[in-house]
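If you want the building blocks of each chain, they are given just below.
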Amino acid sequence: MDRIAIMGGARLQGEIPISGAKNSAIKLMAASLLTDEPLRLTNMPRLADTRFLGRLLQRLGTEVVESAGPDGAETLLTTREIMSGFAPYDLVRQMRASFNVLGPLLARTGQAKVSLPGGCTIGARPVDLHLKALEALGARIDLHEGYVYAQAPGGLRGGEIEFPFVSVGATEHALLAAVLARGATVLRNSAQEPEITDLADCLNKMGAKVEGAGTATIRVQGVERLTGASHAVLPDRIETGTYALAAAMAGGEVRLTRTRSDFIEALIVKMREAGVEVTPHPDGLTVKRNGGRLKAVELETDPFPGFATDLQAQFMALMTLADGESVIRETIFENRFMHAPELGRLGADISVHGGEARVRGVETLEGAQVMATDLRASVSLVIAGLAARGETVVNRVYHLDRGFERLEEKLGACGADIRRIKGDAGEDD
Ligand code: EPZ
């Protein structure tokens, strides 16, 4: 398997264009199941996860055509007919978001059989809220041998759904089903992440009637059919925040373009508190740090607009070199500190108790072999490697490839000494 090697110590200088958001793209792709007309998605990130969902959609009957467009990569998805309503375990297990095909399949054909995704390294991640939402829309759900058998023979109907706590996936799933349900649906205590608004915008272009996305209450008036549309995927706020933190860690000045600073306001507040200079501009933001030790800060992850759990590992990497003790509380996932012991291999001083990590800043990190078990944890090790003395080798790079497009190229263009070491196929890491 491939590895990434980083020789620490180079300051970053230059510009990084941000790609379309992975976590928006994969939900938008699933929306193509709702219409027999072509859905054209532009500003598409080319990632293992989008390729993976493309393969699942092809199995369900979608024609997937990728091309290079004037505004970044494009994907044209056409599902003239649903050929199969079956999403098997081996496909859903590999990428949890595949589970979100259940709602659109049910809405379009009245039935589906989709594997339960199971837990993953960052937590148990149940899908009970997804299933309750679909039931509130009239679906009959049965669970057998790890599969969800869902039926709505007369079609879905509108309903009232109040989420007991905020869930991005369940809000998106309910939206994907409600747009074709008969009558009105109200979603309360909805997630407010920008990816929800992006999905609602795309669905509205397809002829759906969705109001209030981006707030806690979303109202949907069901329509009989949706049409094709063209939609540009919004910029990836997690990629934006990750490179902002990489620049802060390595020092120097990096301009992040084709993105939006208002998506990462909670991060910017914490970066400034830590002593990093952040200047928003219409096309993104510039991050600057010249010498001077970082200050330790306290933070807690929360649903949007709070501090994103998907940036927690990267911020922890930054705090390993801060002056003082930082306290980081993870409130979204119960097991999302797997990067802490790996950062420890680089010399970081971190103790974890339940959902709280205490990071006592050290003067220097030292390069080592490291490995992580999820995407954001892996990239936090790359960030740490940028500032560590000597060489850091990050194993299991396939995690990075799931969510970061051309990572080595983007960092390398700003002066980072980073390269991919190709591994043999089948070689164990
Ligand atoms: C999305 O996951 C993202 N994934 C995650 O990014 C992100 O960390 C998360 O939202 C929070 O922002 C995608 O968009 C593909 P949730 P999702 O439902 O939708 C619990 C990355 O690195 N819960 O908001 O699965 C759940 O276990 C990934 O790109 C239930 O209990 O997150 C968690 O504790 C990692 N029952 C909490 O809610 C349910 O039915 C929030 O999860 C659903 C969720």
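Residues numbered from 1 in each chain as written. Predicted model: local features only at pLDDT ≥ 70, side-chain atom pairs only at ≥ 80, totals over all residues. Heavy atoms only, no water.

Trainee: Explain the side chain of T309 to me, please; I cannot follow it from the model alone.
Mentor: The residue T309 is located in the loop between β18 (298-300) and α10 (312-319) in this model. Overall, T309 belongs to the buried group, its relative accessible area being 11%. One polar contact links T309 to R336, side chain to side chain, over a distance of 2.8 Å. (Helix = DSSP H or I, 4+ residues; strand = E, 2+ residues; numbered from the N terminus. Buried < 20%, exposed > 50% of the residue type's maximum accessible area, 1.4 Å probe, protein only. Polar contact = N/O pair within 3.5 Å; in protein donor to acceptor, adjacent residues only side chain to side chain.)

Trainee: I tried to follow the sheet that holds strand β23 (residues 391-395) on my own but got confused; where do I start?
Mentor: Paired through backbone hydrogen bonds, the strands of a sheet run either parallel or antiparallel to each other. Here four strands make up an open sheet; going across it, the order is β22-β23-β1-β24 and the pairing mixed. Looking at the sheet topology across the chains shown, the edges are occupied by β22 (369-371) and β24 (417-421). Mean inter-strand twist for the sheet, computed between neighbouring axes without regard to direction, equals 25°. Across four bridges, the pairing between strand β1 (residues 3-7) and β23 is antiparallel. Paired with M7 across the bridge in β23 is E391. Contacting β1, β22, β23 and β24, helix α12 (residues 375-387) runs over the sheet at an angle of about 170° to β23. (Pairing = 2+ DSSP bridges. Axes fitted to C-alpha atoms, helices over the stretch in contact; angles between N-to-C directions. Contact = heavy atoms within 4.5 Å.)

Trainee: What am I meant to see in the packing of helix α8 (residues 237-250) against α10 here?
Mentor: Two numbers describe how α8 lies on α10: the axes approach to 10 Å, and their chain directions differ by 5°. Taken together, the axes of α8 and α10 lie roughly parallel to each other. Across the interface between the two elements, I238, T242, L245, A248 and M249 from α8 touch Q314, F315, A317 and L318 from α10. Tallied by class, residues from the contact of α8 with α10 come to seven nonpolar, two polar and no charged. (Parallel < 35°, antiparallel > 145°, perpendicular 65-115°, else oblique. Nonpolar A, V, L, I, M, F, W, Y, C, P; charged D, E, K, R; others polar.)

Trainee: Please clarify how the site of the ligand should be interpreted in this entry.
Mentor: Neighbouring the ligand are 23 residues, the closest being D128, S167, G169, D310 and I332. One of the side-chain N or O atoms of K22 is found 3.0 Å from an oxygen atom in the ligand. In the environment of the ligand, an oxygen atom lies 2.6 Å from a nitrogen or oxygen atom belonging to the backbone of I332. A total of 830 Å² of accessible area belongs to the ligand in isolation, and the protein chains cover 86% of it. Top element by residues in the shell around the ligand is helix α1 (residues 22-31). It accounts for four residues. (Near = heavy atom within 4 Å. Areas by Shrake-Rupley, 256 points an atom, 1.4 Å probe, with all protein chains shown as cover.)

Trainee: Sorry if this is basic, but what is going on with the environment of L400 here?
Mentor: Note that L400 resides in helix α13 (residues 398-403). Residues L400 and R255, 145 residues apart in the sequence, show an inter-C-alpha distance of 22 Å. Apart from residues lying up to four places away in sequence, L400 is in contact with I4, L375, S378, V379, V382 and L407.

Trainee: Quick question: what am I supposed to make of the pattern of salt bridges here?
Mentor: A side chain with one charge can pair with a side chain of the opposite charge if their charged atoms come near. The full count for this structure, using the stated rule, is 29 salt bridges. The salt bridge partner of K22 is D49, with a shortest N-O separation of 3.6 Å. Of this pair, K22 sits in helix α1 while D49 sits in helix α2 (residues 48-60), and the two are 27 residues apart along the sequence. One exposure class covers both K22 and D49, and it is buried. Between R225 and D36 there is a salt bridge, with its nearest N and O atoms 3.3 Å apart. You can see R225 sitting in the loop between β13 (218-221) and β14 (229-232) and its partner D36 sitting in the loop between α1 and β3 (39-42), a full 189 residues away along the chain. Overlapping salt bridges, with partners in common, bring together E298, E325, R329, D349, E356, R358 and R360 in one network. (Salt bridge = Lys/Arg side-chain N within 4 Å of Asp/Glu carboxyl O.)

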